[in-house]
Amino acid sequence: MWLNRDIVSIGDLSVDEIMEVIDRANEMLPYASSGHPKSPLANKIVATLFYEPSTRTRLSFESAAMRLGAKVLGFGSLEATSVAKGETLSDTIRIVNSYSDAIVLRHPSEGAARLASEFADVPVINAGDGAGQHPTQTILDIFTIWKESGPVNGKSIGFVGDLKYGRTVHSLSKALSLFDVSLYFISPDELKIPKHIKKDIEKRVAVKETKSLDDVISDLDVLYVTRIQKERFPDIEEYKKVAGVYVIRPSLISRGRKNLIVMHPLPRVDEIPPEIDNLPQAKYFKQASYGVPVRMAILDLILRGE
Ligand code: CP
């Protein structure tokens, strides 16, 4: 069931499978800082191909692979690769397929990971494809909710910021709609969640859409903040209209529920100022740290199949 499986879209996984990864990640947690004593992936090579910048996803995948005893190869920028000479994605994937046992791919084009999976025999893991999906981020986000706030069922979860281009929001809201939750989408008109995603989610769970975070903060158990994705705007003037529209202040947090947690996939720009970092509600650094055990779980499952 898991062996050699591609992880391209969160929609490819059932709730039971997401929870299986989460249980495995919890088992991996003690080894995320010390390394797995049995090095279960000792004979494996994981390739990380990043056509777009990344700190957390690439380095946590590489750390996860090494904590399990695997070796890592790949690139984090294109200048020193044959992509700079015009090599196509499909040719690069065909080549790296013969050098590795799994390919972790980040690419600016939506659908790139699906395309790559068609050219690779080894499993392809989508590490973010344009404004499309970021499924392993979704699993670590659900792991964070589960660890820091308790069972997902029954929660009210609000997404604020760039819901149009934010692929973490697209993946996570779709996955959460498989649970018993209420979802709030908080954004300016220009950055609303795409209609087709909202329409799909509304079939399963209650959805409220608003521009005002103040109006709904007291309803939320989880506030998921996102960066306005400047690099995805076709027109910089459009970006300037919405830049800085939501800034999370301590006064806002103080009006939230006692057990509210604040998450952010990071990197942040100015939407969460440093004064929030030491509040007990701030969980975004913990969330980033969970990238290692969650990605250890995913690599272990798809490379060993058990
Ligand atoms: N959350 C996330 O995807 O971060 P990076 O862009 O640093 O990988």
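Predicted model only: the values in this text are computed from it and were never measured.

A. Here's a closer look at the layout of surface pockets. Estimates place the volume of the largest pocket at around 410 Å³. Together, 21 residues line the largest pocket, and Arg106, Arg167, Arg227, Leu266 and Pro267 are the ones closest to its centre. Broken down by secondary-structure element, the contributors of at least two residues to the lining of the largest pocket are α2 (56-67) and α6 (167-176). Of the domains in this structure, domain 1 (10-134 + 290-304) and domain 2 (135-288) are the two that each give at least three residues to the lining of the largest pocket. Volume-wise, the second largest pocket comes out at about 250 Å³. Around the second largest pocket, the lining residues are Ser9, Glu110, Asp129, Ala131, Gly132, Gln133, Lys164, His170, Lys174, His196, Ile197 and Asp200. Grouping the constituent residues of the lining of the second largest pocket by class yields 2 nonpolar, 5 polar and 5 charged. Counting the residues that make up the lining of the second largest pocket, at least three belong to each of domain 1 (10-134 + 290-304) and domain 2 (135-288).

B. Summary view of the pattern of salt bridges. Applying the stated criterion across every chain, the model contains 23 salt bridges. Notably, a salt bridge pairs Lys211 with Asp189, separated by 3.4 Å at the nearest N-O pair. Of this pair, Lys211 sits in the loop between β7 (206-210) and α8 (213-216) while Asp189 sits in the loop between β6 (182-186) and α7 (195-202); the two residues are 22 residues apart in sequence, bridging distant segments of the chain. In this structure, Asp300 and Arg304 form a salt bridge, with 2.7 Å as the shortest nitrogen-oxygen distance. On the criterion of helical spacing, the pair formed by Asp300 and Arg304 is a turn pair, its members being 4 residues apart in helix α12 (residues 291-304). Note on Arg304: relative accessible area 32%, which makes it partly exposed. Salt bridges linked by common partners bring Arg24, Glu27, Asp300, Arg304 and Glu306 together as one network.

Definitions and cut-offs
- Residue numbers run consecutively from 1 along every chain, following the written order of its sequence.
- The predicted nature of this model means local features are confined to residues of pLDDT at least 70 and side-chain atom pairs, given and counted, to a pLDDT of 80 or more, with totals for whole chains, interfaces and linings taken over all residues.
- Hydrogens and waters are ignored; side-chain quantities use all the structure's heavy atoms.
- Two kinds of site are reported from a 1 Å grid over the protein atoms alone, namely cavities, where a 1.4 Å probe fits but cannot get out, and pockets, open sets with protein on both sides within 12 Å along at least five of seven lines, and residues are called lining when an atom falls within 4 Å of a point.
- Grid points are joined across faces, edges and corners, and a volume is the space filled by probe spheres set on the points.
- Labels follow the DSSP assignment, with helices taken as runs of H or I lasting at least four residues and strands as runs of E lasting at least two, numbered in each case from the N terminus.
- Boundaries of every domain are those given by an automatic assignment or by a domain database.
- Residue polarity is assigned by list, with Asp, Glu, Lys and Arg as charged and Ala, Val, Leu, Ile, Met, Phe, Trp, Tyr, Cys and Pro as nonpolar; anything else, Gly included, falls into the polar class.
- One side-chain nitrogen of Lys or Arg within 4 Å of one carboxyl oxygen of Asp or Glu is enough to make a salt bridge.
- Whether a residue is buried, partly exposed or exposed follows from its accessible area with a 1.4 Å probe, protein chains only, as a fraction of its type maximum: under 20%, in between, or over 50%, in that order.

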